[in-house]
Amino acid sequence: MSLEALIRTAVKCFAVFFLVAGCAGSDALVVSSDRPQQPVAAEMKKEEPAKEPQAAVEPAPKMEIRQPEEARAQDNPETQNSTTAEEDCPDLTEKALAMIEEADESWKKGDIEGAIETLDAAYRLVLDTNGDTESARQKDDLRLLIARRVLAIYSSSQTIRANGTASEIPRLLNADVEKEIRSFQGPEREFFLSSYQRSWLYRELITGELNKAGLPPELFWLPLVESGFKVGALSRARALGLWQFIPSTGYKFGLVRDEWVDERMDILKSPQAAIAYLKELHSMFGDWLTVLAAYNCGEGRVLRVIARQHINHFDRFWDLYYQLPNETARYVPRFLATLHIIQDPAKYGFELAEALGVSLRYETVTVNKVMKLSDIALKLEAPQEAINIMNSELRHKVTPDREYAMRIPQGALEKFNQVYEEIPESAKPVVRFAQKTFISYRVRPGDTVSSIARKYGVTVKDVNAANNLGKNNIIRAGRVIRVPARGGGIASPRQAGAPSSRAAGCCAGGVAIGVYQVRAGDSLWGISRQFNVSMEKLRKMNQLKSDTLQAGMKLKIPCLKT
């Protein structure tokens, strides 16, 4: 039985419990999951219901002939059925309890699927049995007991182990994971191998932080999928560093960004922030694969997908898989593919040798002087690359003009103190940003992105990028958009009355009426502005019933007489 089926069974039983609790009153048996497990038979013991006092019976008339008890029972079908139910009730209880005890034994042996199947059979037995009020109470108790058992078994497979280490990430191998393995074996082989070699720089540091937090050690390989273990990796979404934090998430978890440092690249603070984020997501979703998906695309996106599910069992990653963005849908299989290759590289055709002599062991020294990292490395006679990585949060490879805890190679503190005064003070770096000039333009009725782009001599792509427009390029009248400048100058529309190149072409030869072929993105308003003629005149000349134009249609254009 799959995990999804297990969950469905648990929820089905739990739902029945609430239904029964609402209908059966307060007689239902309550079994606390917090107390130690007791033998099943002990849980089912109940006091015999108190017999109601019987009302006094008036003496019968002397002329009445009373029937024997057995004869009256045979004549009354309801009494007969009640007697049969009372005889069947102990059998039902004994059979169900025996099956629950059998499920307990399977659970103790680790056979979770067998335990669930046995409980499912016991549940069906209870549902198929009819009886009187007393047997109905026992059925309700059995239903509740079965539901508790299923939930207890399921919870035991999801909880954190006693030593504080979270349960391992399931190493599933399906078609999607195999596809990513083939990608690492083929076109991305060099990426995988180089990322693996870089991983040795950070292994000791990151695994130590994961162990302290009690998280699965497999999460060490997350940066391979995120950034290829490149400390300065920057994505199109402006996510930066080994753990690919966007600015807002980095700020949420305490990563500082200013003119000197960006701690999203910090080799110690960024994994600590990532661990805090992963723990928060795990407390939210409880399933590591869903946690990874949320880490990639944001918990808000995953929660919205879950809210759209409308299914009768708990959501897990593979329930959401096809509704997530493509990048996120690939992200989790890529991570699982990485785990499979790391676990058995020879099976997948890899030779993953340990990188010898690579270490980021450091000690910290407080400085308060602007210095280039290259000058510090030179004075310490240490590899500049190592100094750069240890202090990778420095945006300009220069220490700030304030107190700063700098990392230097382990064992170099004494020498650093000796040469500190010899390290030249550097000038504060001047940051020049490549700036674009924009103007603000209020969209008018009939405007399109294409017509505005032509009007200001820029491309549709430029206007889209400046305003984060989607593929549909939809703009509405009244909206203010940004139009990039041409060639770094100030964007300006064509002057009224100045004929465009198209107008000059249409009216070449001194004709009174030219012909213009409508292009994609044209509007009647845009054409009227281009040819300096009113929209009303264009409508009359071309007998237009509406302002809607189709690409390829030809319009008569009155040519300006100069």
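Note: the structure precedes this text.
Residues numbered from 1 in each chain as written. Predicted model: local features only at pLDDT ≥ 70, side-chain atom pairs only at ≥ 80, totals over all residues. Heavy atoms only, no water.

### Thoughts on helix H7 (residues 175-185)
The condition is simple: Type-normalised accessible area, obtained with a 1.4 Å probe on protein chains alone, sets the label of each residue: buried when under 20%, exposed when over 50%, and partly exposed for intermediate values. Where helices and strands are cited, they refer to DSSP runs of H or I of at least four residues and of E of at least two residues respectively, numbered from the N terminus. The arc in question is the one traced by the directions running from the helix axis out to the C-beta atoms. In protein, a polar contact requires one atom able to donate a hydrogen and another able to accept it; more generally it is a pair of N or O atoms within 3.5 Å, and residues adjacent in sequence count only if both atoms are side-chain atoms.
Among all positions of H7, only Val177, Glu180, Ile181, Ser183 and Phe184 are buried. Summarising the axial view, the buried residues of H7 lie within an arc of 155°, below the 170-degree limit, and thus occupy one face. Exposed and facing more than 90 degrees away from the buried side of H7 are Ala175 and Lys179. The backbone nitrogen of Asp176 lies 3.2 Å from a side-chain oxygen of the residue at the head of H7, namely Asn174.

### What to know about the environment of Ile341
To keep it simple, the criterion reads: Contact between two residues is taken to exist if any of their heavy atoms lie within 4.5 Å; hydrogens are not considered.
One can find Ile341 in helix H15 (residues 326-343). Separated by 156 residues in sequence, Ile341 and Gln185 have C-alpha atoms that sit 9.5 Å apart. Not counting residues within four places of it along the chain, the set of residues in contact with Ile341 comprises Ile181, Phe184, Phe192, Tyr348, Phe350 and Leu352.

### Quick notes on unusual backbone geometry
Positive phi values are uncommon outside glycine, yet Gln244 reaches one of about 55°. Considering the arrangement of structural elements, one finds Gln244 in the loop between helix H9 (222-226) and helix H10 (247-252). For Gln244, a relative accessible area of 14% gives the class buried. The residue Lys397 is not glycine, and still its phi comes out positive at about 55°. Looking at where Lys397 falls in the secondary structure, it is placed in the loop between helix H17 (384-390) and strand E2 (404-409). On the basis of relative accessible area, Lys397 is assigned to the partly exposed category, the value being 37%.

### Section: the environment of Val231
For Val231, the location among the structural elements is in the loop between H9 and H10. The exposure class of Val231 is buried, given its relative accessible area of 16%. Sequence separation of Val231 and Met265 is 34 residues, and the distance between their C-alpha atoms is 5.8 Å.

### Thoughts on the packing of aromatic side chains
Defined as follows: Centre distance within 6.5 Å is the pairing criterion for rings of Phe, Tyr and Trp, where only the six-membered ring of Trp is used; planes under 30 degrees apart are then read as stacked, over 60 as edge-to-face, and the remainder as tilted. Charges are assigned to positions over rings by a cutoff of 6 Å between ring centre and Lys NZ or Arg CZ, combined with an angular limit of 35 degrees from the ring normal.
Counting across every chain of the model gives 12 aromatic pairs. Where Tyr202 meets Phe229, the ring centres are 6.2 Å apart and the plane angle is 10°; that geometry is what we call stacked. Highlighted residues: Tyr202 in helix H8 (residues 189-213) and Phe229 in the loop between H9 and H10, separated in sequence by 27 residues. Across the pair, Phe229 and Tyr202 agree in class, each one buried. Joined through ring pairs, the aromatic side chains of Tyr196, Trp200, Tyr202, Phe220, Trp221 and Phe229 make up one cluster. The ring of Trp200 has Arg203 sitting right over it, with the charged end atom 3.7 Å from the ring centre. The cationic tip of Arg407 hangs over the ring face of Tyr362; the distance from NZ or CZ to the ring centre is 5.2 Å.

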